[in-house]
Amino acid sequence: MNTGSDEAAESESVAVATGGGAKAEPELGSRAPEFIKARRALHLSWQVGVFVVGLAVVVAGVIMLPLPGPGWLVIFGGMAIWATEFVWAQLVLRWTKRKVTEATQRALDPAVRRRNIILTSVGVVIIAVLVAIYVWKFGLEMPWKIKE
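Asks: Can you walk me through the overall build of the protein in this structure?
Replies: On a plain count of helices and strands, the protein comes out with six helices and zero strands. Reading the protein from its N end, one meets helices and strands in the order α-α-α-α-α-α. Within the span of the protein, comprising 148 residues, buried residues form 15% of the whole. Looking at the protein alone, contacts between residues at least 24 apart form 43% of all its contacts between residues at least 6 apart. When the accessible surface of the protein is summed, it comes to about 11,700 Å², and 70% of that surface belongs to carbon and sulfur atoms.

The structure is reproduced here in structure tokens:
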């Protein structure tokens, strides 16, 4: 028997629907201050500014991919900047977080860890054999100094 208000019943039904005590995801949409959202021209200017700043960060991240630097981290930072204002970026960021969490859980599986350790060991042995063959055949000279 529900003796409380309708709001309490709605919050209970939402909690049951989302899996009980699961952490609710934040609402989708703009996180701009209310005084900015209240004025259409100001809100549009705000969105353009957020887009330009996010684009600059993402472009910097893409440039860092082949160069030294935390390229992927910077790209995700740019996506996070976009996600403060744009629903599509919030959805992409949620999807990315979900996939990273799933991959982390799979990587922690003992069978997967064992497989990864075996593959890494085989790779190290192959590289060591190739280096040993090179040193046996050519010595410690660099390839551009070989006179054969």
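Okay, back to it.
Asks: Looking at this model, I keep getting lost on helix H6 (residues 110–138). Mind explaining?
Replies: Because each turn of an α-helix spans 3.6 residues, side chains separated by three or four positions in sequence point in the same direction. Over its 29 residues, H6 runs 42 Å from end to end, which matches the ideal 42 Å to within 8%, given 1.5 Å per residue. Taken from the residues just after H6, Gly-139 is the one with a positive phi, measuring 80°.

Asks: Got a minute to help me understand the packing of helix H3 (residues 40–64) against helix H4 (residues 71–83) in this structure?
Replies: Packed helix pairs are characterised by how far apart their axes lie and by the angle those axes make with each other. At a minimum axis distance of 7 Å, the contact between H3 and H4 shows a crossing angle of 170°. One finds that H3 runs roughly antiparallel with respect to H4. Only Gly-71, Val-74, Ile-75, Gly-77, Gly-78, Met-79, Ile-81 and Trp-82 of H4 make contact with H3, whose side of the interface consists of Val-50, Phe-51, Val-53, Gly-54, Leu-55, Val-57, Val-58, Ala-60, Gly-61, Val-62 and Met-64.

Asks: Would you mind going over the nonpolar core with me for this structure?
Replies: One broad trend across soluble globular proteins is that nonpolar side chains are buried collectively. The biggest cluster of nonpolar side chains holds eight residues, and these are Val-50, Val-58, Met-79, Trp-82, Ala-83, Phe-86, Ala-89 and Leu-93. Looking at this core, the elements with two or more residues in it are H3, H4 and helix H5 (87–107). No other element matches H4, which puts three residues into this core. With residues up to four places along the chain from it excluded, the contact list for Ala-89 reads Met-79, Trp-82 and Ala-83.

Asks: Help me understand the pattern of salt bridges, please; the structure alone is not making it clear to me.
Replies: One side chain can pair with another of opposite charge once the charged atoms of both are near each other. Enumeration over the complete set of coordinates arrives at one salt bridge. Across the salt bridge formed by Lys-99 and Glu-102, the nearest N and O atoms sit 3.7 Å from each other. You can see Lys-99 and its partner Glu-102 sitting in helix H5, three residues apart, about one turn around the helix.

Asks: Hey, could you run me through the packing of aromatic side chains in this one?
Replies: Think of a pair of aromatic rings as described by two things: how far the centres are apart, and how the planes are tilted against each other in angle. Evaluated as defined, the whole model comprises five aromatic pairs. Ring geometry for Phe-51 versus Trp-82: centroids 5.4 Å apart, planes at 15°, classification stacked. On the criterion of sequence distance, the pair formed by Phe-51 in helix H3 and Trp-82 in helix H4 is long-range, its members being 31 residues apart. A ring pair is formed by Phe-51 and Phe-86, whose centres lie 6.3 Å apart and whose planes are at 85°; its orientation type is edge-to-face. With Phe-51 in helix H3 and Phe-86 in the loop between H4 and H5, the pair connects residues that are 35 residues apart, well separated along the chain. Overall, the relative accessible area of 15% leaves Phe-86 in the buried class.

Parameters at a glance
- Residues numbered from 1 in each chain as written.
- Predicted model: local features only at pLDDT ≥ 70, side-chain atom pairs only at ≥ 80, totals over all residues.
- Heavy atoms only, no water.
- Helix = DSSP H or I, 4+ residues; strand = E, 2+ residues; numbered from the N terminus.
- Buried < 20%, exposed > 50% of the residue type's maximum accessible area, 1.4 Å probe, protein only.
- Contact = heavy atoms within 4.5 Å.
- Areas by Shrake-Rupley, 256 points an atom, 1.4 Å probe, with all protein chains shown as cover.
- Expected span 1.5 Å × (residues − 1).
- Axes fitted to C-alpha atoms, helices over the stretch in contact; angles between N-to-C directions.
- Parallel < 35°, antiparallel > 145°, perpendicular 65-115°, else oblique.
- Core = buried A, V, L, I, M, F, W, Y, C linked by side-chain atoms within 4.5 Å.
- Salt bridge = Lys/Arg side-chain N within 4 Å of Asp/Glu carboxyl O.
- Phe/Tyr/Trp six-rings, centres within 6.5 Å; stacked < 30°, edge-to-face > 60°.

By themselves, these are just geometric observations and shouldn't be taken as functional.
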